[in-house]
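Next come the chains, spelled out residue by residue.
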Amino acid sequence: MKKQITLTVLIAASLFTLSCCTKKSEPAKTEVKNEAPALSENWLDCTSLKSVYVDSGIFQHIGFAVPAANLAKPSIMDGVKHHVSSITLENETKPDTFMRNFANGITIDDMEIFTSSKGVSIRVPIQERIHFITLDNAMKTCKENGIMMRGHVLVWHSQTPRAFFCQDFNPGKPFVSVEEMDARQEWYIKSVLEHVTAWENANNDGKRIIYAWDIVNEALSDNATASNYLRDASSSPWFAIYNNGDFIVNAFRYANKYAPKDLLLAYNDYNEFQGEKHNGYLKIIDSILEAKNDKTLPARLDIAGMQSHNQTAWPSLSEYETCIKNFIAKGLDVQVTELDITGSWKGGNNFEKADPEAQKKTYYDYFKLYQKYRKTESTNGISGVTFWGITDETSWRGAAAPLLFKNFKTKPAYYGVIEAAE
């Protein structure tokens, strides 16, 4: 999810930003206040993000990405539960965590038979080999602190052990056939979703702790064209085996089969507003929705996830707004899943440090836009926003200062978010 932007795209986006300044489609902007407190506030003493955006009924959820290690730190959890209603574990619900116990191969003694919905029988690791301990502890902490969680992610080309795609779960062997991979995908999705539901039934009176899952993440190519918009075999083992997007639709079939009906199913990607990549996203949505009424194994898609690793001058607000409108027009709700804002891209994984006032204004403008398209009882829309991290110094783009807090003290960006709700 932390991907790069080509120089050509950046230049084009910057020019587009300038051209949009006079367009009537640009949402009206209220002047952001400049009189932020002279001294920043401790994040425990300032106005809660949750009180402004969730308790008031604007969004269903406001969230932070949190490393699992921080869940055991009361000083951090006090601030998390003060500010948000939801967390996303940064890495600990990704396949490489769940599969850590068989990532380097597995013996026949630790295997059992699984028969797929299509009647294909394969050997899979026994459930005890799946590493659920970190997830269980996280759900327990969420319950104790009165917060919920987004699950991230089930099907992804990255952070998935090669063994999962290989014969005998042996990373030194060739990839399996489409038929076996399809059965493995179903087994894995079933294992994770049913484990979570069983935990919630046993420990939370059947009420959701995890309210949404990113079922498939980042299947789109950075160099998408009208005819080739998915990652190819060079970057995605899923595509290397399937050579098409069937694995995406199938994932939403299996998720629908094994998930509770009130669990929201999401597709999630980055630079989701950008040219042919955006068009490719819409094609993925269409392909899943077309399988919605399948009589044998229907698919379900509820949420379009917009990661939104953005910059103060990119994308243009009108381009970003068009993306939101197009997703809603498909009959979906939208969740902003990984929001952070830096200065300009410098190449590689390097970004300029965000100018504090420019960052404040950008956050302000985004949150005005999010409220314009928020979900209501009668309309689809934006139901939640998650910041990808808590403080600058622990962010994956920390050198570019992309978040609302630094050393657990407020920045001007925080006040931009708060003021947008006033």
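Quick caveat: nothing in here was measured; it's all calculated off a predicted structure. Here the residue index of a chain counts from 1 through its sequence in written order. With the structure being a predicted model, the display of local features is reserved for residues of pLDDT at least 70 and the display and counting of side-chain atom pairs for 80 or more, all residues being used for whole-chain, interface and lining totals. Side-chain numbers come from the whole structure's heavy atoms, not from hydrogens or water.

Colleague: Could you give me a rundown of the overall build of the protein, with the residues and numbers involved?
Modeller: The number of helices and strands found in the protein is twelve helices and 15 strands. Referenced to the eigenvectors of the C-alpha coordinate spread, the extents of the protein come out at roughly 65 × 50 × 40 Å. Split into buried and exposed, the 422 residues of the protein put 57% on the buried side. Only heavy atoms enter the contact rule, under which two residues are in contact if any of them lie within 4.5 Å. A separation threshold of at least 6 residues defines the contact pool for the protein, and within that pool the share at least 24 residues apart is 75%. Accessible surface computed for the protein: about 17000 Å², of which carbon and sulfur atoms make up 50%. Taking the average location of the 46 positive side-chain charges in the protein and that of its 51 negative ones, the two points are 1 Å from each other. Each helix is a run of DSSP H or I of at least 4 residues and each strand a run of E of at least 2, with the numbering of both proceeding from the N terminus. Three labels apply to residues, based on accessible area from a 1.4 Å probe with only protein chains included: buried if under 20% of the type maximum, exposed if over 50%, partly exposed otherwise in between. Working definition of accessibility: Shrake-Rupley area with a 1.4 Å probe, residue cover restricted to the visible protein chains. Neither His nor the chain ends contribute to the count of charged residues, in which Lys and Arg are positive and Asp and Glu negative. Charge positions are represented by NZ for Lys, CZ for Arg, CG for Asp and CD for Glu.

Colleague: Report on the side chain of Asn250, specifying residues and quantitative values.
Modeller: Mapped onto the elements, Asn250 comes out in helix α8 (residues 246–258). On the basis of relative accessible area, Asn250 is assigned to the buried category, the value being 9%. Apart from residues no more than four positions distant in its own chain, Asn250 is found in contact with Lys118, Asp182, Gln185 and Tyr242.

Colleague: Can you tell me about the nonpolar core, naming the residues and giving the values?
Modeller: Membership of the largest hydrophobic core comes to 118 residues, with the highest contact counts inside it found for Val80, Phe367, Tyr370 and Phe387. When residues of this core are assigned to their parent elements, the largest contribution, nine residues, is made by helix α6 (residues 178–203). Beyond its immediate chain neighbours, meaning those up to four positions away, Tyr370 contacts Phe59, Ser308, Tyr320, Ile324, Val336, Leu339, Ile382 and Val385. Definition of nonpolar core: a set of buried residues of the types Ala, Val, Leu, Ile, Met, Phe, Trp, Tyr and Cys, connected through side-chain atoms within 4.5 Å.

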